[in-house]
Amino acid sequence: MTLKDRNILLGVSGGIAAYKVAQLARDLTKEGAKVDVVMTEAATRFVTPLTFQALTHRKVYTDLWQEWTEEEKGHVTLAHRAELAVIAPATADIIARLAQGLANDILTTSILGCTAPLIIVPAMESNMYQHPATQQNLATLRERGAFILEPGVGMLASGASGVGRMPEPEEILGYIRLALGKNSGDLIGKRLIITAGGTQEPLDPVRYLGNRSSGQMGYALAQAALERGADVTLISGPVNLKPPVGCKFVSVKTAREMEAAVQRALFEDELPADVLVMAAAVADFRPVTSSDHKIKKDKTAPTIELTLNPDILGGLKDAPGLEKLLRVGFAAETDDLHANAEKKLNNKNLDMIVANEAVSSIGHSDNQVTLIERGGIITEFERKPKRAVAELILDKVVELLAKKTA
Ligand code: C5P
């Protein structure tokens, strides 16, 4: 599920962080969302409505008293069409007015009439934020179901350092995606464990054996699953990517650490897992020994003796208690792709395997995959960005989960 055509009410109140929210409005619009920007009078002192209008290509609402038309019935229309309301920045004043249930401008009136999930992003001077009045108002709003995205600690507009800094637009966007998924996604109530990236097998404190996996496929799957409302545990080898907002993130280095993390996620978490997607490129071998000291350069190169790593997926083949777990593996092959992938599907007792050609998939931002299910059902797709591939894989996961529980 994407942000395309989702109706989002973006409330802007009068704080200096309003300038950063212009970026948020632009990012949301770029992803296809229909953003209704609703500004308090004070907000218009910081950023003009025209700025938001130009960025969202839509009318901006600043006045409770603007005339209603046949199609546009002021705050009523705004409140009813919103699938999600976000207030960023939220000043102490708007937080107090919302907590009181006041309806004295276009923003408070729209929010009062809106039943969609509400995200509040406070941003203000530290003392104002920490004041018991503000904290009590936030507690009231939280109790009523609003999600408060806590401000960060750092440099404030005044030049002082403290709590009250608005999270960056990218992070707010992450929470918007999450909230939309939790409200309407097709994986609501499902728990997915996803592995990503390559593992690193140490030779000494500074060297390792690794592979070219970038983690993009696994992270795209985690992001897409969150946006469909899933509860996601992402277990990742070392990569250069930020974990998606809202996932439970476990960082590992070696195959054995990944195995332990997968087992913990499967057997020790309170919630049972519904799906395990092993997108990680787990190292098949590791050096038998890893030196505590950096191996010195010598006239002769050292010989590295290797041993087999555990097969994480294969090891779970007959594990008791996982009968209901949907298992998805990946097969990256350079030869006989389909035959080898099907062999792995059977040997590792998987429900589906994603077959891709190794050289053109690992480390690339797009991928050409074939999905092979039990019973020889094969679906081949064209090369696509990994995010789009993630959606195709999850479409199948949703289908297979429905079959499994039927
Ligand atoms: O056997 P092969 O490595 O080709 O299998 C690939 C699939 O098995 C992938 O889903 C990968 O994440 C998983 N795997 C594993 N443990 C290993 C090696 C691979 O779980 N040691």
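Parameters and conventions
Residues numbered from 1 in each chain as written. Predicted model: local features only at pLDDT ≥ 70, side-chain atom pairs only at ≥ 80, totals over all residues. Heavy atoms only, no water. Pairing = 2+ DSSP bridges. Helix = DSSP H or I, 4+ residues; strand = E, 2+ residues; numbered from the N terminus. Contact = heavy atoms within 4.5 Å. Axes fitted to C-alpha atoms, helices over the stretch in contact; angles between N-to-C directions. Domains from an automatic or database assignment. Buried area = accessible area lost by both parts, 1.4 Å probe. Buried < 20%, exposed > 50% of the residue type's maximum accessible area, 1.4 Å probe, protein only. Right-handed = clockwise from strand over helix to strand, strands pointing away. Parallel < 35°, antiparallel > 145°, perpendicular 65-115°, else oblique. Left-handed = near helix turned anticlockwise from the far one by under 90°. UniProt positions renumbered as here; feature names shortened; annotations may be inferred. 1 Å grid on protein atoms, 1.4 Å probe; cavity = no way out; pocket = protein on both sides within 12 Å on 5 of 7 lines; lining within 4 Å. Near = heavy atom within 4 Å. Polar contact = N/O pair within 3.5 Å; in protein donor to acceptor, adjacent residues only side chain to side chain. Areas by Shrake-Rupley, 256 points an atom, 1.4 Å probe, with all protein chains shown as cover. Sits in = over half its atoms within 2 Å of the grid points. Nonpolar A, V, L, I, M, F, W, Y, C, P; charged D, E, K, R; others polar. Salt bridge = Lys/Arg side-chain N within 4 Å of Asp/Glu carboxyl O.

**Describing the sheet that holds strand β2 (residues 34-39)**
Taken in spatial order, the five strands of this open sheet run β2-β1-β3-β4-β5, and their pairing is parallel. If you trace the sheet from one side to the other, it starts and ends with β2 and β5 (147-148), each paired once. Relative to β2, strand β1 (residues 7-12) runs parallel, the two being bridged by six bridges. Bridge pairing links Gly-11 to Val-38 in β2. Those strands touched by helix α1 (residues 18-30) are β1, β2 and β3 (84-90), and its axis lies near 170° from that of β1.

**Here's the deal with the domain arrangement of the chain**
The figure often quoted for interface size is the accessible area lost as the parts come together. Here the chain is described as being made up of domain 1 (7-178) and domain 2 (187-405). When each unit is reduced to the centre of its C-alpha atoms, the spacing between domain 1 and domain 2 is 39 Å. At the interface, six residues of domain 1 touch six residues of domain 2. For the pairing of domain 1 and domain 2, the buried interface totals around 500 Å² over both sides, and the portion due to carbon and sulfur atoms is 64%. Of all residues in domain 1, the largest losses of buried area upon contact with domain 2 belong to Glu-170, Arg-177 and Leu-178, amounting jointly to 77% of the total for that side.

**Here we look at the pairing of β1**
Burial analysis of β1 places six of its six residues in the buried class, which makes it a mostly covered element. Side chains of β1 alternate between two faces, with Asn-7, Leu-9 and Gly-11 and Ile-8, Leu-10 and Val-12 buried alike. Running through α1, the crossover from β1 to the neighbouring parallel element β2 is right-handed. The sheet contact formed by β1 and β3 spans four bridges and is parallel. Bridge assignment links Leu-9 to a residue of β3, and that residue is Ala-85.

**What to know about the packing of α1 against helix α9 (residues 169-184)**
Running from N to C, α1 and α9 point in directions that differ by 45°, and their axes come no closer than 9 Å. Judged by the inter-axis angle, α1 sits oblique to α9. By crossing handedness, the relation of α1 to α9 is classed as right-handed. Counting all contacts with α1, which are made through Lys-20, Gln-23, Leu-24, Asp-27 and Leu-28, the residues of α9 involved are Pro-169, Ile-172, Leu-173 and Ile-176.

**Observations concerning the packing of helix α10 (residues 216-227) against helix α15 (residues 386-405)**
It is the contact of α10 with α15, at a shortest axis distance of 8 Å, that shows an interaxial angle of 55°. As far as their axial angle goes, α15 and α10 are oblique. For the pair α10 and α15, the sense of crossing is right-handed. Contacts between α10 and α15 involve Gln-216, Met-217, Ala-220, Leu-221, Gln-223, Ala-224, Ala-225 and Glu-227 on the former and, on the latter, Lys-386, Arg-387, Val-389, Ala-390, Glu-391, Ile-393 and Leu-394.

**Description of the UniProt feature "binding site: CTP" (unreviewed entry) in the chain**
Using the residue numbers shown here, the UniProt feature "binding site: CTP" (unreviewed entry) corresponds to Asp-284, Lys-294, Pro-310, Asp-311, Ile-312, Leu-313, Phe-330, Lys-344 and Lys-348. Taken along the chain, the residues just named run across 65 residues; in space they spread out, the farthest C-alpha pair reaching 37.4 Å. In the annotation above, Ile-312 are the residues that line the second largest cavity. The buried category is assigned to Ile-312, whose relative accessible area is 5%. Setting aside its immediate chain neighbours within four residues, Ile-312 contacts Ala-255, Met-258, Glu-259, Val-262, Met-278 and Val-282.

**What to know about the site of the ligand**
Taken together, Met-278, Ala-280, Val-282, Asp-284, Pro-310, Asp-311, Ile-312, Leu-313, Gly-329, Phe-330, Lys-344 and Lys-348 form the complete shell of residues around the ligand. Contact distances for the ligand include 2.8 Å between an oxygen atom and a backbone N or O atom of Phe-330. In the environment of the ligand, an oxygen atom lies 2.9 Å from a nitrogen or oxygen atom belonging to the side chain of Lys-348. In isolation the ligand has 450 Å² of accessible area, and contact with the protein removes 87% of it. Placement of the ligand is best described as lying within the largest pocket. Going through the elements one at a time, α12 (312-315) and β16 (326-333) are the ones with two or more residues in the shell around the ligand. Classifying every residue of the shell around the ligand gives seven nonpolar, one polar and four charged.

**Some thoughts on the pattern of salt bridges**
What the rule picks out here adds up to 29 salt bridges. Note that Asp-204 and Arg-207 form a salt bridge whose closest N and O atoms lie 2.5 Å from each other. By relative accessible area, which is 3% here, Asp-204 ends up buried. A salt bridge links Arg-387 to Glu-227; the shortest N-O distance between them is 2.9 Å. Of this pair, Arg-387 sits in helix α15 while Glu-227 sits in helix α10, and the two are 160 residues apart along the sequence. Through salt bridges that share partners, Glu-31, Arg-177, Asp-186, Glu-227, Arg-228, Arg-387, Glu-391 and Asp-395 make up one connected network.

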